[in-house]
Amino acid sequence: GAVVSQHPSWVICKSGTSVKIECRSLDFQATTMFWYRQFPKQSLMLMATSNEGSKATYEQGVEKDKFLINHASLTLSTLTVTSAHPEDSSFYICSATGERADTQYFGPGTRLTVL
Amino acid sequence: DAKTTQPTSMDCAEGRAANLPCNHSTISGNEYVYWYRQIHSQGPQYIIHGLKNNETNEMASLIITEDRKSSTLILPHATLRDTAVYYCIVRPSNTGNQFYFGTGTSLTVIP
């Protein structure tokens, strides 16, 4: 149980375009989802927290207009990187908590490369 | 905003126990200790968590000191597949509370 998927697993896009990443909880209802970013050889950095039906809460220094998060259902959250630039190239990982909320379950990650 | 300190790297011989330490001297009374690991280019995998008592599951054991200022994750019989970065995180076990990852310990299991 407690499986989280992400789509796509990798994406390459041109500078200036927007990219949408999906995060789904497959076998539980995710009351809260989290988005992280990880640069090479670095740790995970929390970007934002989203609750179903509410606006996401962004961490300090994360541009909310650049990283659009939508959590429209209890099983799906999306992260859209708008007007992507090469410095946005990174490994994006989502996680989700269910009703018990005592553990976060992570997706496999999406590697974004912006040319 | 990580509240933990871990060694940067460790080696362990295959088949032996791997003991990974974590210091969390500023831990609060309502904060749990969580352990996750991340194999290269994958999402983190939950291992175990605890509050005060020692915990054991099919993956590992978690030993928390009586003053709760440090803990040790024990992999009883390390295999090559256990090579990963291990993260120790403290957080309250409440809805919506975030995980802030530190730098973790890079464990290499040697044949």
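Here the structure is shown first, and the text comes after it.
Residues numbered from 1 in each chain as written. Chains lettered and ligands numbered in written order. Predicted model: local features only at pLDDT ≥ 70, side-chain atom pairs only at ≥ 80, totals over all residues. Heavy atoms only, no water.

So, about the overall build of chain B. A tally of helices and strands in chain B yields 0 helices and 9 strands. Counting helices and strands in the order they occur from the N terminus, chain B gives β-β-β-β-β-β-β-β-β. In terms of overall dimensions, chain B is globule-like: its C-alpha atoms have a radius of gyration of 13 Å, near the 13 Å expected for 111 residues. Taken over the C-alpha atoms alone, chain B extends approximately 40 × 30 × 25 Å along its principal axes. Going through the 111 residues of chain B one by one, you find that 42% of them count as buried. (Helix = DSSP H or I, 4+ residues; strand = E, 2+ residues; numbered from the N terminus. Rg over C-alpha atoms; globule rule 2.2 N^0.38 Å. Buried < 20%, exposed > 50% of the residue type's maximum accessible area, 1.4 Å probe, protein only.)

Moving on, we get to the overall build of chain A. A count of helical and extended segments in chain A gives 0 helices and 11 strands. Along chain A, helices (α) and strands (β) appear in the sequence β-β-β-β-β-β-β-β-β-β-β when read from the amino end. The globule rule puts the C-alpha radius of gyration for 115 residues at 13 Å, and the 13 Å found for chain A is close to it. Its C-alpha atoms give chain A principal-axis dimensions of roughly 40 × 25 × 20 Å. Every one of the 115 residues in chain A was classed for burial, and the buried ones make up 51%. Considering only contacts within chain A whose residues lie at least 6 apart along the sequence, 54% involve residues at least 24 apart. As displayed, chain A offers around 5,700 Å² of accessible surface, 51% of which is attributable to carbon and sulfur atoms. (Contact = heavy atoms within 4.5 Å. Areas by Shrake-Rupley, 256 points an atom, 1.4 Å probe, with all protein chains shown as cover.)

As a further point, take the sheet that holds strand E5 (residues 55-56) of chain B. All names here are of chain B. One open sheet holds the 4 strands; their spatial order is E2-E7-E6-E5, and the pairing between them is antiparallel. With one partner strand each, in any of the chains shown, strand E2 (18-23) and E5 form the two edges of the open sheet. Bridging between strand E6 (residues 61-64) and strand E7 (residues 70-75) involves 4 bridges; their strand directions are antiparallel. Bridged to leucine 62 within E7 is leucine 73. (Pairing = 2+ DSSP bridges.)

All names here are of chain A. Burial along strand E1 (residues 4-7) is one-sided: the face carrying Val4 and Gln6 is buried and the face carrying Ser5 and His7 is not. Pairing analysis gives 4 bridges linking E1 to strand E3 (residues 19-25), with the strands arranged antiparallel. The residue bridging glutamine 6 from the neighbouring strand is cysteine 23, located in E3.

The next thing to look at is the interface of chain A and chain B. With 20 residues of chain A in contact, the opposing surface of chain B contributes 22 residues. For the pairing of chain A and chain B, the buried interface totals around 1,500 Å² over both sides, and the portion due to carbon and sulfur atoms is 52%. Across the contact surface, chain A and chain B share 0 salt bridges. Summed over the shared surface of chain A and chain B, the result is 6 residue pairs in polar contact (both at pLDDT 80 or more). Listing elements by their share of the side of chain A that touches chain B, those giving two or more residues are strand E4 (32-38), strand E5 (45-51) and strand E9 (90-97) of chain A. Broken down by element, the side of chain A that touches chain B gets its largest block of residues, 4 residues, from E4(A). Of the residues contributing to the side of chain A that touches chain B, the split by class is 9 nonpolar, 8 polar and 3 charged. (Buried area = accessible area lost by both parts, 1.4 Å probe. Salt bridge = Lys/Arg side-chain N within 4 Å of Asp/Glu carboxyl O. Polar contact = N/O pair within 3.5 Å; in protein donor to acceptor, adjacent residues only side chain to side chain. Nonpolar A, V, L, I, M, F, W, Y, C, P; charged D, E, K, R; others polar.)

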